[in-house]
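Each chain, letter by letter, is given below.
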Amino acid sequence: MQPADLLLLKPMQPSVMEALAGAFTLHRADTAPDPDAFYREIGPRIRAMAIGAQAPVDRALFERLPHLEIVVSYGVGYDTIDVGAAAERGIVVTNTPDVLSDEVADLALGLLLATIREIPQADRYLRAGHWPTRTYPLTATLRGRHVGILGLGRIGRAIARRLEGFGVTLSYHGRRRQEDVAYAFHPTLLEMARAVDVLMIVAPGGPETNGIVNAEILDALGPDGIVVNVARGSLVDEPALIEALRSGTIHGAGLDVFAAEPQVPEAFLGLERVVLLPHVGSGSVQTREAMGRLVVDNLLSWFSGRGALTPVPETPANGAAR
Ligand code: 8YV
């Protein structure tokens, strides 16, 4: 049988490219000299598409791919894929849940501690030769804190489990109360922000959560407040966060994600009580390999007629609507 035609918007990691090349006929959109001609010629042959997380996939792209059956995304968040338009066409969308939860949770804890105890700043201080002249200034503490988790999904729960070991109080806010956890549920983000002094952002991006961490929420966190974001930059009103950090409305922030990444607002770079990371939450060799394997396995399972392994809930698991 002829291998199915697979579209890549950009190349993926070598192990994934190798596995895909062995099973599919690959077409790379990023190297096409004339994108319109490329989609006119190749578009009708494409049955599958593999993408990196945060690649925009909209209705207009689906229209250029009339025989598309499946979109496999390398990442757990799929806020940039129009899953509504996919579902209408019966196109299955898959993501890579579970395999990255512990890795992202580890990074979130590291970022929280780095922010509160100023670990990167202290490292810079030592390297700059300041220690012999003056000991490093005392920092804030995690002791006695109340952490509010925005989004108690798989990663949120992995973060909460780790935080239990740190002896902090835990609360959460999300779409609904979860009966199998003992942490306090807050029906609104504002109510939770008033109760806690650390806001850990782990909720999905997209229109429902766009800019929900705004000036009012930051004000409610208060002057000891710490914001840690390992989800999507879009959840945070970045100008409001910059202002809150400048004015001392909150104490500090640890950010792994930004609204227009890889562009980072210049103002963050000049702020002392901020730890900035280049979206590395899932970025270990082992976890990225596991994500890559799941991308490939979803495709292999689909084209052997066994359905997708990890379809997102919005689209049909077996393409039933087609
Ligand atoms: C990305 C992520 O997958 O899973 C997600 O939603 O944001 C990350 O793990 C990673 O940056 C690779 O694109």
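Right, let's walk through the structure included here. Because the structure is a prediction, the values reported are computed rather than measured.

1. Details of helix α12 (residues 285-303)
Here comes step 1: Between the first and last C-alpha of α12 there are 27 Å, a value that for 19 residues agrees with the 27 Å anticipated at 1.5 Å per step.
Here comes step 2: Listed as buried for α12 are Thr287, Arg288, Met291, Gly292, Leu294, Val295, Val296, Asn298, Leu299 and Trp302.
Here comes step 3: Residues of α12 that are buried in the fold lie against α1 (14-23), β3 (46-52), β4 (70-74), β5 (92-94) and α5 (101-116).
Here comes step 4: Immediately downstream of α12, the backbone of Gly305 shows phi near 85°, a positive value.

2. Topic: the packing of α5 against helix α7 (residues 154-165)
Here comes step 1: As a packed pair, α5 and α7 sit with axes 8 Å apart at the nearest point and diverge in direction by 50°. When the interaxial angle is binned, α5 and α7 end up oblique. When the axes of α5 and α7 are compared, the crossing they make is right-handed. Within the contact between the two elements, α5 uses Ser101, Asp102, Val104, Ala105, Ala108 and Leu109 and α7 uses Arg154, Ile155, Ala158, Ile159 and Arg162.
Here comes step 2: Each residue belonging to the contact of α5 with α7 can be placed in one class, and the counts come to seven nonpolar, one polar and three charged.

3. What about the sheet that holds strand β10 (residues 226-229)?
Here comes step 1: Strand order across the open sheet formed by seven strands is β8-β7-β6-β9-β10-β11-β12, with parallel pairing between neighbours. Two strands in the sheet have a free side with no partner beyond their single neighbour: β8 (184-185) and β12 (274-276).

4. A short note on the nonpolar core
Most often, soluble globular proteins keep nonpolar side chains buried together rather than apart.
Here comes step 1: Residues Ala50, Ala108, Ile159, Met200 and Ile201 are the most contacted members of the largest nonpolar core, which totals 88 residues.
Here comes step 2: For this core, the leading source of residues is α5, giving nine residues.
Here comes step 3: A domain-level breakdown of this core finds at least three residues from each of domain 1 (5-97 + 286-303) and domain 2 (101-276).

5. Details of the environment of Tyr78
Here comes step 1: Residue placement: Tyr78 occurs in the loop between β4 and α4 (83-89).
Here comes step 2: A count of 26 C-beta atoms within 10 Å places Tyr78 in the buried class.
Here comes step 3: Considered as a pair, Tyr78 and Gly206 are 128 residues apart in the sequence and their alpha carbons are 8.6 Å apart.

The rules behind the values
- Residues numbered from 1 in each chain as written.
- Predicted model: local features only at pLDDT ≥ 70, side-chain atom pairs only at ≥ 80, totals over all residues.
- Helix = DSSP H or I, 4+ residues; strand = E, 2+ residues; numbered from the N terminus.
- Expected span 1.5 Å × (residues − 1).
- Buried ≥ 20, exposed ≤ 12 C-beta atoms within 10 Å, placed from the backbone.
- Contact = placed C-beta atoms within 7 Å.
- Axes fitted to C-alpha atoms, helices over the stretch in contact; angles between N-to-C directions.
- Parallel < 35°, antiparallel > 145°, perpendicular 65-115°, else oblique.
- Left-handed = near helix turned anticlockwise from the far one by under 90°.
- Nonpolar A, V, L, I, M, F, W, Y, C, P; charged D, E, K, R; others polar.
- Pairing = 2+ DSSP bridges.
- Core = buried A, V, L, I, M, F, W, Y, C linked by C-beta atoms within 7 Å.
- Domains from an automatic or database assignment.

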